[in-house]
Amino acid sequence: HFRAGETPGALARRLLRVNLSDLAAMGARPYAYMLNLVLPPGAGLTWLKGFAAGLARDQKTYGLTLAGGDTDVARGRLSISATIFGLARGGRVLRRDAARPGDDLYVSGTIGDAGLGRACLAGRLNPGSTDKRYLVNRFRLPEPRLALGQGLVGLASAGLDVSDGLIADVRKLADAAKVKAVIESAKVPLSSAAQRIVTRNKRAPLKLLRAGEDYELVFTAPVEARFRLEGLARRTGTAITRIGRIVTERGVVVVGPLGKELGIGHGGYEHFAKGGQAS
C-alpha cells in the first residue's frame with residue numbers, strides 16, 4: 001500500500017524492499033521475483049521508465065532477477081504486487097513459533113520512524129527539515145535486514161519483521177509460541193529524530209510502538225546467545241537492542257521505566273491509508 005503521488009522509481013524500490021523484508025524475517029537469501037502491474041489508462045512511457053529504473057536499481061542492490069509476471073491496463077487505480085522467492089541454506093529458516101520462556105527479546109534498528117514519516121507526508125507533523133527528510137525516507141525506502149536475518153538462523157529461536165507495529169508483531173510471536181512477551185518501553189531504540197519529537201509529546205513513545213511499516217526484525221534468542229549476537233551485529237553493521245524477555249503465561253505487555261504495565265490495547269497498524277490516500 002502506498003500514498004498517491006509517489007514517484008514511480010520510489011514505488012518500485014519500496015515494492016521490492018517490503019517484500020524482501022519478509023525474506024529477511026525467515027533468514028532467506030533473495031533469488032527472483034514475479035511482478036504484477038495493472039496500470040490506469042493515463043500511465044505513459046515516462047512513468048514506466050521511472051518505475052523500471054527503480055526496479056533495476058534495487059535488483060542490482062539485492063541480487064534479484066525478474067522472472068516473469070503479468071501486466072495489464074484497466075480503469076481505476078494503479079495496482080502493483082510482487083512475489084519474491086528466496087533460498088534457505090540447508091532448508092533452515094527462522095520461524096515465528098519457537099520462542100521459549102527465558103529467551104531475550106530483541107529488535108534491529110530503530111522503531112517508529114516510518115510512522116512519523118507518514119505523519120510528515122500527511123501534514124500532521126512538521127519537524128525541522130533535516131528530521132523530516134530522514135523520517136520520510138525511512139518510510140519510503142525501508143531497509144530489509146537480509147544479512148542480519150541470514151545470520152540469525154540457528155542462533156535466534158524465533159523472529160519476524162515489524163510491519164504492523166512492534167506491539168502487534170511481538171504479540172504474533174508470543175501467540176504462535178503460546179508464551180508471554182514483556183517489552184520494556186525505555187529500552188526500545190529510537191532515532192535521534194524520533195527522540196526530539198518524543199521530548200515534545202509525552203504520549204508519543206507508546207504510539208511509536210504501535211506504528212507500522214518500520215520493517216525491522218524483532219526476534220528472540222536464548223541468554224547464552226548474547227555474545228554471538230553482538231558479533232553478528234558488528235559483522236552485518238546492523239544495530240540490535242535487547243528490549244525485553246519471554247516468560248510463561250500468554251500475551252504481551254509493555255512496562256514503563258518504573259516497571260508498571262502500560263495500557264496498550266490490541267490494535268496494530270492498518271496498512272490501508274484513510275481518506276483516499278492509498279492507491
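Quick notes on the rules
Residues numbered from 1 in each chain as written. Predicted model: local features only at pLDDT ≥ 70, side-chain atom pairs only at ≥ 80, totals over all residues. Heavy atoms only, no water. Helix = DSSP H or I, 4+ residues; strand = E, 2+ residues; numbered from the N terminus. Buried < 20%, exposed > 50% of the residue type's maximum accessible area, 1.4 Å probe, protein only. Contact = heavy atoms within 4.5 Å. Axes fitted to C-alpha atoms, helices over the stretch in contact; angles between N-to-C directions. Left-handed = near helix turned anticlockwise from the far one by under 90°. Pairing = 2+ DSSP bridges. Expected span 1.5 Å × (residues − 1). pLDDT = per-residue confidence, 0-100. Core = buried A, V, L, I, M, F, W, Y, C linked by side-chain atoms within 4.5 Å. Polar contact = N/O pair within 3.5 Å; in protein donor to acceptor, adjacent residues only side chain to side chain. Salt bridge = Lys/Arg side-chain N within 4 Å of Asp/Glu carboxyl O.

(A) Here's a closer look at the environment of leucine 94. As for its position among the elements, leucine 94 is in the loop between strand E3 (79-87) and strand E4 (104-108). The buried category is assigned to leucine 94, whose relative accessible area is 6%. Separated by 56 residues in the primary sequence, leucine 94 and glutamine 150 have C-alpha atoms spaced 8.5 Å apart. Aside from chain neighbours lying at most four places away, what touches leucine 94 is Ala25, Met26, Gly27, Leu152, Val153, Ala156, Ser157, Ala158 and Gly159.

(B) The packing of helix H1 (residues 8-26) against helix H2 (residues 45-62), seen in detail. Packing of H1 against H2 brings their axes to within 6 Å, and their N-to-C directions diverge by 35°. Relative to H2, H1 is oriented so that their crossing is right-handed. Contacts between H1 and H2 involve Pro8, Gly9, Leu11, Ala12, Arg13, Leu15, Leu16, Arg17 and Leu20 on the former and, on the latter, Trp47, Gly50, Phe51, Gly54, Leu55, Arg57, Asp58, Gln59 and Tyr62.

(C) Focus on the sheet that holds strand E5 (residues 158-161). Taken together, the seven strands give an open sheet; going across it, the order is E5-E7-E4-E8-E6-E9-E10, and neighbouring strands pair in mixed fashion. Two strands lie at the open edges of the sheet, namely E5 and strand E10 (261-262), each paired on one side alone. Two strands pair when backbone bridges link them, and strand E9 (residues 251-255) and E10 are joined in this way by two bridges, in the antiparallel orientation. Note that in E10 the partner of valine 255 across the bridge is glutamate 261.

(D) Quick look at helix H6 (residues 166-177). With 12 residues, H6 extends 17 Å between its outermost C-alpha atoms, agreeing within 8% with the 16 Å of an ideal straight helix rising 1.5 Å per residue. The element H6 is largely enclosed, with a buried count of nine among its 12 residues. Taken together, the buried positions of H6 are Leu166, Ile167, Ala168, Asp169, Val170, Arg171, Leu173, Ala174 and Ala177. Immediately downstream of H6, the backbone of lysine 178 shows phi near 60°, a positive value.

(E) Spatial organisation of the sheet that holds strand E2 (residues 65-73). As summarised here, the arrangement of the three strands in space is E2-E1-E3, forming an open sheet in which the pairing is mixed. The two strands at the open ends of the sheet, each matched to only one other strand, are E2 and E3. Averaged over all adjacent pairs, the angle separating strand axes in this sheet is 10°, with direction ignored. Examined bridge by bridge, strand E1 (residues 29-39) and E2 share eight bridges and lie parallel to one another. Within the sheet, the bridge partner assigned to leucine 35 lies in E2 and is glycine 69.

(F) Here's a closer look at the confidence of the model for the chain. Of the residues in the chain, 94% reach a pLDDT of 70 or more, and the chain-wide mean stands at 92. Contacts from residues 272-279, a stretch scored under 50 in pLDDT, to residues over four places away or in other chains number 12 contacts.

(G) Main features of the nonpolar core. Counting 38 residues, the largest nonpolar core has Phe51, Ile80, Leu152 and Leu229 as the members making the most contacts within it. Elements with a minimum of two residues in this core: H1, E1, H2, E3, helix H5 (146-152), strand E7 (217-221) and helix H9 (226-236). Per-element accounting of this core gives the leading share, eight residues, to H1. Aside from chain neighbours lying at most four places away, what touches isoleucine 80 is Phe2, Leu11, Leu15, Leu35, Asn36, Leu37, Trp47 and Phe51. By size, the runner-up hydrophobic cluster in this structure holds 25 residues, among which are Leu160, Leu209, Ile243 and Ile264.

(H) Local environment of the environment of threonine 110. Mapped onto the fold, threonine 110 is located in the loop between E4 and helix H3 (113-121). Separated by 78 residues in sequence, threonine 110 and alanine 32 have C-alpha atoms that sit 28 Å apart. Polar side-chain contacts of threonine 110 include one of 2.6 Å to the side chain of aspartate 113.

(I) Representation of the pattern of salt bridges in the model. Applying the stated criterion to the full structure yields 16 salt bridges. The partner of arginine 245 in a salt bridge is glutamate 184, with the nearest N and O atoms 3.6 Å apart. A residue pair is termed long-range when its members are at least 10 positions apart, and arginine 245 in strand E8 (residues 240-247) and glutamate 184 in strand E6 (residues 180-184) qualify at 61 residues. Under the relative-accessibility criterion, glutamate 184 is labelled partly exposed at 22%. Bridged by salt links that share partners, the residues Asp113, Arg138, Arg145 and Glu216 form one connected network.

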